[in-house]
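Read off the chains here:
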Amino acid sequence: MFISFEGIDFSGKSTQIELLKDYLVEHNKKVEILREPGGTEISEKIRNILLDTKNLVMFAEAELLLFSASRAQLVREKILPYLEKGIYVISDRFHDSSTAYQGYGRGVPLDIVNQVHNLAIGETIPELTFFIDIPVGIANERRKKKSKGKLDRIELSDIEFYNRVRSGYLEIARKEERFKVIDGTQTIETIQNQIISELELINRR
Ligand code: ADP
Ligand code: TYD
């Protein structure tokens, strides 16, 4: 099974992914966690270009293609082989991040974003996507506490950008049944329980 986690930065994705992994391993499942952009040698190199604060003038189209190039490599090199072996794949972000950040956030037309997804990932779409939703203000509070002022290139974007990204995610949720919106302002434990319930629901089908 292929599961992705989405949300604005600091929404709590990594925290929940670790907890879900523990739960699945306790239930004797094999699990691989991947992060986007990254997860392969080539993808990690692309990640460095994307997040480097020296690359401040990067055009939205270049950004979309770099994220997608990284993802195209990850799908073929890791995700498909894992899924073929029956391993659970959990990805910290996937193509919905490009729709939300480069599409809704930066303004690349959505039909073009979807065409690029088609080339990069084809049919390899997560069966279940957890969107951990928090207001941008709360994300900023967490950011201040955690990162001590060190931000990557994307994180340097302004508050309006993050508001567009968040509304973009909510828009995707209205269109895609696989997309589950979870209130990320709840406690870590409550969120974890909701995630496990959704997963059990799908597995029972
Ligand atoms: P992401 O991977 O989405 O950037 P993290 O899991 O790294 O987010 O969490 C960002 C910060 O918020 C961390 O300091 C984490 O401990 C904290 N955090 C995560 N989940 C919650 C929660 N439900 N309530 C309060 N703080 C949280
Ligand atoms: P990362 O450090 O992985 O952030 P996080 O821990 O919040 O997931 O950095 C990835 C950054 O790149 C993050 O700000 C979101 C952004 N991003 C896009 O803009 N488009 C994409 O397609 C992906 C995968 C990420």
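Residues numbered from 1 in each chain as written. Chains lettered and ligands numbered in written order. Predicted model: local features only at pLDDT ≥ 70, side-chain atom pairs only at ≥ 80, totals over all residues. Heavy atoms only, no water.

K.L.:
Would you explain the overall build of the protein chain in this entry?
P.N.:
From N to C terminus, the protein chain includes eight helices and five strands. Start at the N end of the protein chain and walk to the C end: the helices and strands fall as β-α-β-α-α-β-α-α-β-α-α-β-α. Against the compact-globule benchmark of 17 Å for 205 residues, the protein chain has a radius of gyration of 16 Å, which places it among compact chains. Taking the principal axes of its C-alpha atoms as reference, the protein chain extends roughly 45 × 35 × 30 Å. (Helix = DSSP H or I, 4+ residues; strand = E, 2+ residues; numbered from the N terminus. Rg over C-alpha atoms; globule rule 2.2 N^0.38 Å.)

K.L.:
Help me understand the side chain of Lys 13, please; the structure alone is not making it clear to me.
P.N.:
Here Lys 13 is to be found in helix 1 (residues 13-26). Summary of buried charges: Lys 13 has no salt-bridge partner, and the nearest side chain of opposite charge, Asp 92, is 4.5 Å away. Ignoring sequence-local partners within four residues, the contact set of Lys 13 consists of Phe 5, Glu 6, Gly 7, Ile 8, Asp 92, Arg 93 and Ile 132. (Buried < 20%, exposed > 50% of the residue type's maximum accessible area, 1.4 Å probe, protein only. Lys, Arg positive; Asp, Glu negative; His and termini not counted. Salt bridge = Lys/Arg side-chain N within 4 Å of Asp/Glu carboxyl O. Contact = heavy atoms within 4.5 Å.)

K.L.:
Even after reading the chapter, I still don't get the site of ligand 2, so can you show me in this structure?
P.N.:
In the region of ligand 2, 15 residues are neighbours, and Asp 9, Arg 71, Arg 93, Ser 98 and Gln 102 sit closest. A distance of 2.5 Å separates an oxygen atom of ligand 2 from a polar side-chain atom of Asp 9. Measuring from an oxygen atom of ligand 2, one finds a side-chain N or O atom of Arg 47 at 3.0 Å. Considered on its own, ligand 2 offers 540 Å² of accessible surface; in the complex 90% of this is hidden by protein. At a threshold of 2 Å from the grid points, most atoms of ligand 2 map onto the largest pocket. Going through the elements one at a time, helix 2 (41-51), helix 3 (60-84) and helix 4 (95-105) are the ones with two or more residues in the shell around ligand 2. Taken together, the residues of the shell around ligand 2 break down into five nonpolar, three polar and seven charged. (Near = heavy atom within 4 Å. Polar contact = N/O pair within 3.5 Å; in protein donor to acceptor, adjacent residues only side chain to side chain. Areas by Shrake-Rupley, 256 points an atom, 1.4 Å probe, with all protein chains shown as cover. 1 Å grid on protein atoms, 1.4 Å probe; cavity = no way out; pocket = protein on both sides within 12 Å on 5 of 7 lines; lining within 4 Å. Sits in = over half its atoms within 2 Å of the grid points. Nonpolar A, V, L, I, M, F, W, Y, C, P; charged D, E, K, R; others polar.)

K.L.:
Help me understand the nonpolar core, please; the structure alone is not making it clear to me.
P.N.:
The nonpolar side chains of soluble globular proteins are, as a tendency, buried together. Counting residues in hydrophobic clusters, the biggest one holds 20 residues, and the most contacted among them are Ile 8, Tyr 101, Ile 154, Tyr 162, Val 165, Tyr 169 and Phe 179. Residue assignment for this core shows that the elements contributing at least two residues are helix 2, helix 4, helix 6 (136-147) and helix 7 (159-175). The contacts of Tyr 162, once residues within four sequence positions are left out, are Ile 8, Asp 9, Tyr 101, Val 136, Arg 143, Ile 154, Glu 155 and Ser 157. The next biggest cluster of nonpolar side chains, apart from the first, holds 19 residues, and it includes Ile 17, Leu 20, Leu 24 and Ile 195. (Core = buried A, V, L, I, M, F, W, Y, C linked by side-chain atoms within 4.5 Å.)

K.L.:
How should I be thinking about the site of ligand 1 in this particular structure?
P.N.:
Near ligand 1 lie 13 residues; those nearest to it are Phe 10, Lys 13, Ser 14, Thr 15 and Gln 186. In the model, a nitrogen atom of ligand 1 is placed 3.4 Å from a nitrogen or oxygen of the Arg 142 side chain. One nitrogen or oxygen atom from the main chain of Gln 186 is found 2.9 Å from a nitrogen atom belonging to ligand 1. If ligand 1 stood free it would expose 560 Å²; the protein chains cover 73% of that surface. Cavity membership is defined here by more than half of the atoms lying within 2 Å of grid points; on that basis ligand 1 lies in the largest pocket.

K.L.:
Got a minute to help me understand the side chain of Ser 68 in this structure?
P.N.:
When you line up the elements, Ser 68 lands in helix 3. The exposure class of Ser 68 is buried, given its relative accessible area of 4%. In terms of polar contacts, Ser 68 uses its side chain to reach the backbone carbonyl oxygen of Leu 64, at 2.7 Å. Ignoring sequence-local partners within four residues, the contact set of Ser 68 consists of Val 116 and Ala 120.

Read these as layout, nothing more, since geometry by itself doesn't imply function.
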